[in-house]
Amino acid sequence: VSPYNPTLIFVGCEDGSISVWDLNEPGNLHSSAQVNNLAFTVRSPTYNTSSVQVAEAHHSKITHMDAVRLDQELQVAASFQIASLDESGILIVWVVISVTDASLSGSQIDLGLRPGGKVKLVKSALINVNFPQNPSVDLFPEVRTFSFRQSYSDTSLYFVTTDQGTVLKVSRNSSIGQPTTYAPEYSTPTIVGSMDFNKFNWKYFLAGTADGTVCLFYVDRPTPLLVLDRFTKGRPVRTVKWSRSSSTLFYVMDSANTFYLWDLSERDSAPLVVESYSKGLLSFTEMLPSAGPPVVVFTFKDGTMEGHHVKKSAIRDDVNNVSKLEGYLATVL
């Protein structure tokens, strides 16, 4: 769902196409169906990139999508940007544009736009991770890519996870800066499936791998500051997320539907909380109420959701969250 327009939904598909649904479209533009005497509107995508020229689209499975932050002077009120990454290492930045002259007869120029549609995607930039700007990076055989994060200091930079146990830094421009590769000193090829930047200090990020390891990196250093392993008993890390309530608090989910809560200011030898779920954990997100500790919301395969308060006693209060993580690192490095 777009953070700029909550009525727009973006979906990446197995064939490499991207579909956009505009929930503002009236129901009479779509078909309807009845299930158990309940009427439903079956919405077709407003826009789909499968009809875009071959050179402008993905050709393998979409593995990650996210909104793009723009510099203030580049932000246009009527549009915003998203980025999509496919498994073969192609990252495309798209401009989301509102169509002012929508026609029920469709567009003869843009075949991806459905009749009456008012939203379209236009390619802005393409980055091929397997052809890096820095020739010193050895990417043979070609890597597969799984997720990315945009840099907080330079909006043209992207950090991309791979199946070689590495996180790569790539850019829309020619200038990248060192380092361009992040990995443990003695790493073996493994999928880095998830990463996340610290919400209080963007210079630090976490990366979770398929061998059950979570690494804490500093953007100016190619090797990790901290390696947390064995706590998943070798099960792949599916998701790792920093908390928005504390600079040393983060969450991990593994492939066996087990959830872990870590607070590095409390201890780094083991997670503070370990919870296993038998009904199939799909995802989780953190919500920050106006008062009180954060709430972690879990989504399960059966369609149910659960919200759990993080015990206040599990989070060490600190008036200066920005220095809290650096204070911890000063004690261990």
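Up top you'll find the structure we're talking about.
Residues numbered from 1 in each chain as written. Predicted model: local features only at pLDDT ≥ 70, side-chain atom pairs only at ≥ 80, totals over all residues. Heavy atoms only, no water.

Draft legend 1. Spotlight on the nonpolar core. Ranked by size, the top nonpolar core spans 19 residues in total, and within it Val214, Leu216, Phe250, Val252, Trp262 and Leu264 carry the most contacts. Not counting residues within four places of it along the chain, the set of residues in contact with Phe250 comprises Leu206, Val214, Leu228, Val240, Lys241, Trp242, Ser243, Tyr260, Leu261, Trp262 and Leu264. Counting 17 residues, the second-largest nonpolar core is a separate cluster that includes Val20, Ile62, Ile92 and Val99. (Core = buried A, V, L, I, M, F, W, Y, C linked by side-chain atoms within 4.5 Å. Buried < 20%, exposed > 50% of the residue type's maximum accessible area, 1.4 Å probe, protein only. Contact = heavy atoms within 4.5 Å.)

Draft legend 2. Fine view of the sheet that holds strand β16 (residues 214–218). Strand order in this open sheet of four strands is β14-β15-β16-β17, and the pairing throughout is antiparallel. Each of the sheet's edge strands pairs with one partner strand only, and the pair in question is β14 (192–197) and β17 (226–228). Sheet twist, expressed as the average angle between the axes of neighbouring strands with direction ignored, equals 20°. Both β16 and β17 contribute to a ladder of three bridges, which runs antiparallel. Bridge assignment links Leu216 to a residue of β17, and that residue is Leu226. (Pairing = 2+ DSSP bridges. Helix = DSSP H or I, 4+ residues; strand = E, 2+ residues; numbered from the N terminus. Axes fitted to C-alpha atoms, helices over the stretch in contact; angles between N-to-C directions.)

Draft legend 3. Looking closely at a nonpolar patch on the surface. Where nonpolar side chains cluster on the molecular surface, the patch consists of Val35, Leu38 and Phe40 and spans about 280 Å² of accessible area. Inspection of the secondary structure puts Phe40 in strand β4 (residues 38–42). (Patch = residues over 30% accessible without salt bridge, like charges linked within 9 Å, V, L, I, M, F, W, Y side chains within 5 Å. Areas by Shrake-Rupley, 256 points an atom, 1.4 Å probe, with all protein chains shown as cover. Salt bridge = Lys/Arg side-chain N within 4 Å of Asp/Glu carboxyl O.)

Draft legend 4. Quick peek at the side chain of Ser19. Mapped onto the secondary structure, Ser19 falls in strand β2 (residues 18–22). Looking at Ser19, the relative accessible area reads 4%, which means it is buried. Side chain to side chain, Ser19 and Asn48 meet in a polar contact 2.6 Å long. Look past the residues within four positions of Ser19 in its chain and what remains in contact with it is Ile9, Phe10, Val11, Cys13, Pro45, Tyr47 and Asn48. (Polar contact = N/O pair within 3.5 Å; in protein donor to acceptor, adjacent residues only side chain to side chain.)

Draft legend 5. View of the pairing of strand β24 (residues 305–309). The buried fraction of β24 amounts to zero of the five residues, a small share that puts the element mostly on the outside. With five bridges joining them, strand β23 (residues 295–300) and β24 adopt antiparallel strand pairing. Bridge pairing in β24 links Val295 to His309. The hairpin formed by β23 and β24 contains four residues between the paired strands, and Gly303 there has a positive phi angle of roughly 90°.

Draft legend 6. Highlighting the sheet that holds strand β22 (residues 281–287). Within the open sheet, the three strands sit side by side as β22-β23-β24. Their pairing is antiparallel. On the outer flanks of this sheet lie β22 and β24, each paired with one strand and no other. Within this sheet the neighbouring strands show an average axis-to-axis angle of 20°, counted without direction. Looking at chain direction, β22 and β23 are connected through six bridges and run antiparallel. Within β23, the position partnered with Thr285 by the bridge is Val297.

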